[in-house]
Structure formats: C-alpha cells, structure tokens
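Each chain is listed here by its residues.
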Amino acid sequence: MTAWLFTFLIHSTLWCGGAWLGQRLFPRTRARLRETIWYTALAASLITPTVHSLTSWDSAVWRLPVPTFIAGEERHSEGEPGHRDGVASVFSPSGEEAHSAEIALPAGWGDSAGTLWVVFAGGLLAFYLLRLGKLRRRLGDREPVMDPRASRALAALSRTASLSPVPRLTESDNLGSAIALGAGTGREICVPARALHELDEEELRALLGHEVAHHLRGDPIRLAILNVLQAVFFFQPLFRLAAREIRLAAEELCDDWAASQVDDRFAMASCLAEVAGWVVGRDRRTPVPCIGRRRSQLERRVRRLMAGHGVPQASSSPWRRMSAVGVLILAPSFAPAVAPAPETPHEDQHAVEGARPEEHERPREHRSPRSLEHDDDDNQHDIDEGETHD
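Below you will find a few notes about this structure. (Residues numbered from 1 in each chain as written. Predicted model: local features only at pLDDT ≥ 70, side-chain atom pairs only at ≥ 80, totals over all residues. Heavy atoms only, no water.)

Counting across every chain of the model gives 13 salt bridges. One salt bridge in this structure joins R168 and E188, with 3.8 Å as the shortest N-O distance. Here E188 lies in strand β8 (residues 188-192) and R168 lies in strand β6 (residues 168-172), a separation of 20 residues in the sequence. Residue class for R168 comes out partly exposed when judged on its relative accessible area of 42%. Of the charged contacts, one joins E251 and R301 as a salt bridge, the two residues approaching to 3.5 Å between their closest N and O atoms. Of this pair, E251 sits in helix α9 (residues 237-259) while R301 sits in helix α12 (residues 295-306), placing them 50 residues apart in sequence. For the pair E251 and R301, a shared accessibility class is recorded, and that class is buried. (Salt bridge = Lys/Arg side-chain N within 4 Å of Asp/Glu carboxyl O. Helix = DSSP H or I, 4+ residues; strand = E, 2+ residues; numbered from the N terminus. Buried < 20%, exposed > 50% of the residue type's maximum accessible area, 1.4 Å probe, protein only.)

Moving on to a nonpolar patch on the surface. Taken together, L14, V61, W62, V325, I329, L330 and F334 make up a surface patch of nonpolar side chains, about 730 Å² in accessible area. Of all the elements, helix α13 (residues 318-334) adds the most residues to the nonpolar patch, at four residues. (Patch = residues over 30% accessible without salt bridge, like charges linked within 9 Å, V, L, I, M, F, W, Y side chains within 5 Å. Areas by Shrake-Rupley, 256 points an atom, 1.4 Å probe, with all protein chains shown as cover.)

With that out of the way, let us pick up the nonpolar core. A general feature of soluble globular proteins is that nonpolar side chains tend to end up buried together. Within the largest apolar cluster, 38 residues are counted, with the highest numbers of intra-cluster contacts made by L169, L207, L208, V212, M268 and I291. Elements that contribute at least two residues to this core include exactly α5 (148-161), β8, α6 (195-198), α7 (201-217), α9, α10 (267-276) and α12. Contacts of M268, omitting those with residues within four sequence positions, involve A206, H210, D255, A258, A259, I291 and L305. Membership of the second largest hydrophobic core comes to 19 residues, among which are C16, A41, A121 and A242. (Core = buried A, V, L, I, M, F, W, Y, C linked by side-chain atoms within 4.5 Å. Contact = heavy atoms within 4.5 Å.)

What follows deals with the pairing of β6. Within β6, four of the five residues are buried, leaving the element largely enclosed by the surrounding structure. For strand β5 (residues 143-144) and β6, the ladder comprises two bridges, and the chain directions are antiparallel. Opposite E143, over in β6, you have E171 as the bridge partner. (Pairing = 2+ DSSP bridges.)

Glancing now at the sheet that holds β6. What the four strands build is an open sheet, ordered β5-β6-β8-β7; its pairing is mixed. The open sheet has two edge strands with one neighbour each: β5 and β7 (179-181). The strands touched by α7 are β6, β7 and β8; relative to β8, the strand with the most contacts, the crossing angle is about 150°. (Axes fitted to C-alpha atoms, helices over the stretch in contact; angles between N-to-C directions.)

Moving on: unusual backbone geometry. Looking along the chain, the bond that leaves S164 and enters P165 is cis, with omega of 0°. Topologically, P165 is positioned in the loop between α5 and β6. Residue S162 is not a glycine yet carries a positive backbone phi of 60°. Relative to the assigned elements, S162 resides in the loop between α5 and β6.

Among the five residues in β8, five count as buried, and that is most of the element. Bridge count between β6 and β8: five bridges; the pairing is parallel. Each bridged residue has a counterpart across the sheet, and for T170 the counterpart in β8 is C190. In this sheet, β8 lies alongside β7 in antiparallel orientation, the contact comprising three bridges. Paired with A180 across the strands is I189, a residue of β8. Here β7 folds back onto β8 in antiparallel fashion, the turn holding six residues, of which G182 has a positive phi close to 75°.

Contact geometry of α7 with α10 gives a least axis separation of 8 Å together with a crossing angle of 85°. As judged from the angle between their axes, α7 and α10 are roughly perpendicular. The residues of α10 that touch α7, namely those facing E202, E203, A206, L207 and H210, are A267, M268, S270, C271 and V275. Taken together, the residues that form the contact of α7 with α10 break down as six nonpolar, two polar and two charged. (Parallel < 35°, antiparallel > 145°, perpendicular 65-115°, else oblique. Nonpolar A, V, L, I, M, F, W, Y, C, P; charged D, E, K, R; others polar.)

This brings us to the packing of aromatic side chains. Counting across every chain of the model gives 10 aromatic pairs. Judged by centre distance (6.1 Å) and plane angle (40°), the rings of W4 and F233 are tilted. Taken as a pair, W4 in helix α1 (residues 2-25) and F233 in the loop between α8 (219-232) and α9 lie far apart in primary sequence, 229 residues in all. On the basis of an interplanar angle of 85° and a centroid distance of 5.8 Å, the ring pair of F8 and F235 is categorised as edge-to-face. On the criterion of sequence distance, the pair formed by F8 in helix α1 and F235 in the loop between α8 and α9 is long-range, its members being 227 residues apart. Judged by relative accessible area, which is 0%, F8 ranks as buried. By the ring-pair criterion, three or more aromatic residues cluster together here, those being W4, F8, W117, F120, F233, F234, F235 and F239. (Phe/Tyr/Trp six-rings, centres within 6.5 Å; stacked < 30°, edge-to-face > 60°.)

So this is what it looks like as structure tokens:
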C-alpha cells in the first residue's frame, strides 16, 4: 500500500501538473475541453499507479529510482545485509557514503503510514458528511414553490433537457444562491425565496435553466465524487486545484446552456449580477452544485457572457472522447515506474574500498629487538669495510 501511495503521489503530480501547465499556456481553452483535461488527469492519476503495481517495471518507458524501503518490492531475509533485528536499512552504494550513517526505519513503518492515511482520510470523509448534514438542517424550512411562473418555466426547461420526472422545486430563506440536490427521481432545485420576487421572468427562467443544466450533466454526483477524492487523497493539493477548475468549468457550461434557453441572451448575465449580491459566506462552502460560490468567479462569468462567449458547446465530441480514452490507455506506459535504486553488493563495496597500492597491502613483519641489533651490527661492519678498502 505504501508503494502504491508513493507512486500515486508522483504520477498525480505529473498528470495534474501537466494539466495546470497546459491551461496556463493556453488560457483561452474552452470550458468543455478544460473539463475533459482535468477529468483525464484525475483518472490517469488513479489508473497508472494501479497498473504499475500489477505489472513489471520493465513495461514503462522510463524508471524513477527510489530507495528500496519506499519501493517496497525487495525483501531482505534475516541475516542478509540490509536487515538487522527487525530494522530495514538501506546502504549507500558509493564507497565514501558507505561509512556514513545508514537509513534505518522500523520494519513495520509502512503499515503505520497506511494506518495514519486511513485515519486522516476517514476523518475528512466524516467531515464531508457533517457538511452535508449541516446543509440538510439549514434547508429544513424549505417549502414547495407555488409561483406559477417558476412552475411553467421549470416544466418547459425539463422537457428541453429530457429530464423525467421534473425536478422538485423548493424555496428557502436561508439560501443566498440556488442549488441542485439529489439525482434520478430524487432531483430537487432549491432557490432563495427572494429570487421569486426580485428577478423578472427571463432572469428567473435563466436561474432555473442553470440548475436544470446541473441535473442534465449529473453534477451533484460528480461533485460528490470530487469531494470524496479530495478527502481520501488529502496529501495531494493538486486534487483541490483540479476540483476547483472542474467546478468553474461546469458553472460556465451551465451558464451557456441556460443562456440558450431565454430570449434575451443577456438575461443570464443580469441574473448572475443580481445573485452576486445575495451570496453569503455559508454559500461558499456548499458541498453541492450552486449557481454562485465566490463573487470574483461570478464577476468573471458575467464578463464572459457579456462578451458573447456564452454559446452552448456540444455535450459530446467523438475526437475529444477518443483522445481522452487513448491517453488513459497509453498513460501507464509513459508514466515513470517507481523502482528500487540498484544497490552495490557488499562484496563489491569491500572490493572497492579495499583497493590499495600493493606496497600498502603487505603487512609489516614483526621483528624482535635482537634481530634489529644484529642488522645494525651488519650494517656497521659493511661501512667499516668500505672505509678500509678506500
């Protein structure tokens, strides 16, 4: 599990980082394509480490060497180098570093890391469920909308979107932004009570059209999956960036669809400008799709619609879908294989460290004092004979 998490961290950083870089290089990319890129990056982040954990390292184009205790693929048996008294150690392959302190970790450190991950992920998932419960209590006073204008507009929009049955329409005084709830036969749209009194007929139709588009796309389920991924993989901050960019792209796509359902193409922009004054702090943390979270994003969307960019985009494009599938199929081959760094055997290390000039390898002979005195006498005798000869 530890090896998979480490591989996931590397792969998800590469995929999500690449998606972020691509959007910075091409800032005018359309919302549909941006959404596809981010979804592909998230899917690849989960697929590639799983495939690598089930296949050989040789199947990847390139390898990323890591210490053995992280890769977790090689096991040292008791009594072999690198294993001592339940401690997993990694020795440096170079001769100079062989004398330095070794990396020593408890044998069960991987299990402890996995346990901490489960604990933190479980806590964040529980916090997400608490947020949903808090929203449910906040909407406990909601009532069915009796305004015939809203009922007729919602029925017409649902027929256009082929939603059956028509989503339930409710109102609440505790909301500053319309939200989309549920899925399938439990679809619901809850709007602020003031929307029924302060918006004209076209703006109200645009507001409801935006929430119908969320149901048409299945955004309540998509956002729930994104929230779960953020909780489970909390240690990957790029997942939070991906979720934020996907939500923004979804809001722009819903704006486009709603704008196409009204006679006045600026009605969606004026609706967003009006809702921007209603948004409160609690709306920013709403765990379900809503028309307005941050005023800065609402202003950006208003300028986008006023500039004439609110044109509905095709919901499905064969080339885009095929490209995404092709990337996911080829992704495991191009993602780096996280493999243990090659270790130099101890015999080779000793051979390298023990390599010395031959004269330094011969041990000095042990000489007794008597033999040393005899050698001195012989040397003196040779000197005297040389002087006599001269």
